[in-house]
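Read off the chains here:
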Amino acid sequence: MCGIVGFTGQENALPILLKGLYSLEYRGYDSAGIAAFTQKGLEVVKTRGRIANLEEKIRETGGLEACCGIGHTRWATHGEPSDRNSHPHLGGKDGKSGEIAVVHNGIIENYLELRERLEAHGYVFQSDTDTETVAHLIDYLHTGKKEDLGMTVLKAVGMLRGSYALGVVSLDDPHEIVAARRANPLVIGLGEGENLIASDVTAIISRTRKYLILDDGEVAIVRPDSVKVMNEFGDTVEKEVQEVTWDLSAAEKGGYEHFMMKEIMEQPQAVANTLHPRIQDGHVVFEDQGLTDERLKKAQHIHIIGCGSALHAGMVGRSVIEELCRVRCQASVASEFRYENPIIEPDDICLVISQSGETADTLAAMRLAKAAGAYTVAIVNVVSSTIAREADGVLYLWAGPEIAVATTKAYSAQLGALYLFAIKLARVRGMLNADEEKTLCEALYKIPEQIGEMLQSKSQMQYIATRYANRSSIFFLGRGLDYAAAMEASLKLKEVSYIHSEAYAAGELKHGTISLIEEGTLVVALATQPALHEKTISNIREVVSRGAEVVLVTSADFDGDTSYCSHVVRLPALPHAFSPSLSIIPLQLLAYYIAVERSCDVDKPRNLAKSVTVE
Ligand code: F6R
């Protein structure tokens, strides 16, 4: 949602903070700011717009020379993106000359009530944000008291409802940053004679690979040579030091124009990382995370929860699990699941899918399922993220850092993890014999290589993109697994190109939506399931006869007439259950090239953020 970074050490903090903010920009990018201790005192520069705008403004204002500071890149929740709503916010009666500065990620739910009380004490608010309340509250509790800032922050957060990751600095000690967390991620980077705070490790990795994860309710006092972490009671907590396992180059563009293209091209490796270590001698082998045969046999119902693309992966997983295992399985939108009083039995298994491992709705839905007795298994990319740590078991994707806001490689890796789960479950429940398991495992093992083959459709997709980039609406059609893949393809297109797009179950279109099809409308049709070929083809003919132009994505074995289609893409042969892993590749490329053709900001589409840590 928003990105936070802080640095305290011996060197000039400004380039370190800016670099950290650039690497966090995917979390939100409508405004940015920095507060730093310079010779003039606590200086704040902030602006609407991107980090580049902030850098420019700092240059214009003569730079910031400081060894300690905090920075923020924002995705607006309370108050429009504007200079005055940008973080950091100052605490102090007039909100301008404050001695305290705060950056925040999350939502303070009781901010209006606190704001009223602070206004009654003479505080004048300068912004519409919930965060400014926190800055004034800390100022109110701190001013005139001989108390450490850390203790004051501990008291202040005890009065907050909602979610927060906070970075707080005060003129009291210009080398100290106080950090606090509840339901929003925050890590503390441990350097040599310097320490950092950040929303995630991408912002610290250029300085250090060692870090601590702050847990809910904890407050950290971070100085150049020490880090002290306290729990809600103020007791010191010993934290385990973690180590980043990937290289800085994994979070850089490596010669590509956009992260999205780099990540599309990385898919063979990302999916191999998920699959290959878990396929051994024709069997699916999971690392020990409690998914015992007994548990897999007992489950009456599999719940899958996720948001956006993770949900779409879950929809594919649902079909494959039901097909292979003949067990009831449901894929639910996490934000609905958490409020619909779902029926969960103690033996149920709940697969929780999330690239970031921090999505607020997914986390809340997982907690609900866990409290109801389900066994929760996180399918997560970001190591040690909140969902990964709270789930009963974890299947890491190991897809490497994903920076583009639109997910590609993590989605493909999620499909891989779900196929593995489905095969394992089917085998344990006696729905597959050893030979059948082996055949499926061999096919699964080959998927990364076949994704590589699909990437060769690049120039075809680039050409199609130039032809259709000016359309105002594009439809995606499919049945069964192809419908789930169509949902993902449509989301990819709309989020990066801003073209209106809908995915439809092919048989459903004629019940109303077909009225939108007119001469020249682009329909992307997926027909990769032999059992449904004929049905989907007649639906395609329905739109063609109303003037639609069709791009058909179909399986190797489809031998029907395709002369009425404008373009045809074929998948290499594979078990049809796995075809979503291949059919999505050209459609990711199509979305990318259409967005580039329309000069959209591919990696940072408007209004979006990579990690949605608010409800
Ligand atoms: C779309 C996209 C989003 C995410 C969704 C869930 O390209 O990236 O729809 O899939 O916000 O995010 P995670 O997987 O981090 O829980």
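Residues numbered from 1 in each chain as written. Predicted model: local features only at pLDDT ≥ 70, side-chain atom pairs only at ≥ 80, totals over all residues. Heavy atoms only, no water.

**A closer look at the pattern of salt bridges**
We count it as follows: For this analysis, a salt bridge means a side-chain nitrogen from Lys or Arg found within 4 Å of a carboxyl oxygen belonging to Asp or Glu. We count a stretch as a helix when DSSP gives it H or I for four or more residues in a row; a strand needs E for two or more, and each element gets its number in order from the N terminus. Exposed residues in this analysis have more than 50% of their type's maximum accessible area, buried residues have under 20%, and partly exposed residues fall in between, with area computed by a 1.4 Å probe over protein chains only.
Going through the model one piece at a time under the given rule, you end up with 35 salt bridges. A salt bridge links Lys-492 to Glu-495, with the shortest nitrogen-to-oxygen separation between them at 3.3 Å. Of the two residues, Lys-492 and Glu-495 are both situated in helix 16 (residues 481–497); the distance of 3 residues between them amounts to about one turn of the helix. According to the relative accessible area criterion, Lys-492 is buried, its value standing at 0%. Assessed through its relative accessible area of 15%, Glu-495 is described here as buried. As a salt-bridge pair, Arg-541 and Asp-561 come within 3.3 Å of each other at their nearest N and O atoms. Of the two residues, Arg-541 is situated in helix 17 (residues 533–544) and Asp-561 in the loop between strand 25 (549–554) and strand 26 (567–570); the sequence distance between them amounts to 20 residues. Of the residues examined, Arg-541 reaches a relative accessible area of 41% and is grouped as partly exposed. Asp-561 sits in the partly exposed class, given a relative accessible area of 41%. Three or more residues joined by partner-sharing salt bridges are found here, namely Arg-181, Asp-216, Arg-367 and Glu-390.

**Focus on unusual backbone geometry**
Here the bond from His-87 into Pro-88 is cis, since omega is -5°, no more than 30 degrees from zero. Within the fold, Pro-88 resides in the loop between strand 4 (68–74) and strand 5 (89–91). For Arg-326, which is not a glycine, the phi torsion comes out positive at approximately 50°. Note that Arg-326 resides in the loop between helix 9 (308–325) and strand 18 (328–333). The backbone phi angle of Asn-341 is positive, close to 50°, even though this residue is not glycine. Looking at the secondary structure, you find Asn-341 in the loop between helix 10 (334–337) and strand 19 (349–354).

**Focus: the nonpolar core**
Applied cut-off: The set of buried Ala, Val, Leu, Ile, Met, Phe, Trp, Tyr and Cys residues whose side-chain atoms join them within 4.5 Å is what this entry labels a nonpolar core. By the convention used here, residues are in contact when the closest approach between their heavy atoms is within 4.5 Å.
With 102 residues, the main nonpolar core has Ile-302, Ile-321 and Phe-421 as its most contacted residues. Sort the elements by how many residues they give to this core and helix 13 (residues 409–428) lands first, with 14 residues. The residues touching Ile-302, leaving out its near neighbours within four places in the chain, are Ile-321, Val-327, Arg-328, Cys-329, Gln-330, Ile-349, Leu-351, Phe-421 and Leu-425. Membership of the second largest hydrophobic core comes to 28 residues, among which are Ile-16, Val-187, Ala-198 and Ala-203.

**Some thoughts on the packing of helix 15 (residues 458–468) against helix 18 (residues 580–597)**
Note the cut-off: Only the stretch in contact is used when fitting a helix axis, every axis being a line fitted to C-alpha atoms; angles between N-to-C directions are given from 0 to 180 degrees. Any angle between 65 and 115 degrees counts as roughly perpendicular, while under 35 counts as roughly parallel, over 145 as roughly antiparallel, and the rest as oblique. By convention the crossing between two helices is left-handed if the near helix lies anticlockwise of the far one by an angle smaller than a right angle, and right-handed if it lies clockwise.
As a packed pair, helix 15 and helix 18 sit with axes 8 Å apart at the nearest point and diverge in direction by 45°. Judged by the angle between their axes, helix 15 and helix 18 are oblique. The handedness of the crossing between helix 15 and helix 18 comes out as right-handed. Only Pro-586, Leu-589, Leu-590, Tyr-593, Ile-594 and Glu-597 of helix 18 make contact with helix 15, whose side of the interface consists of Lys-458, Met-461, Gln-462, Ile-464, Ala-465 and Thr-466.

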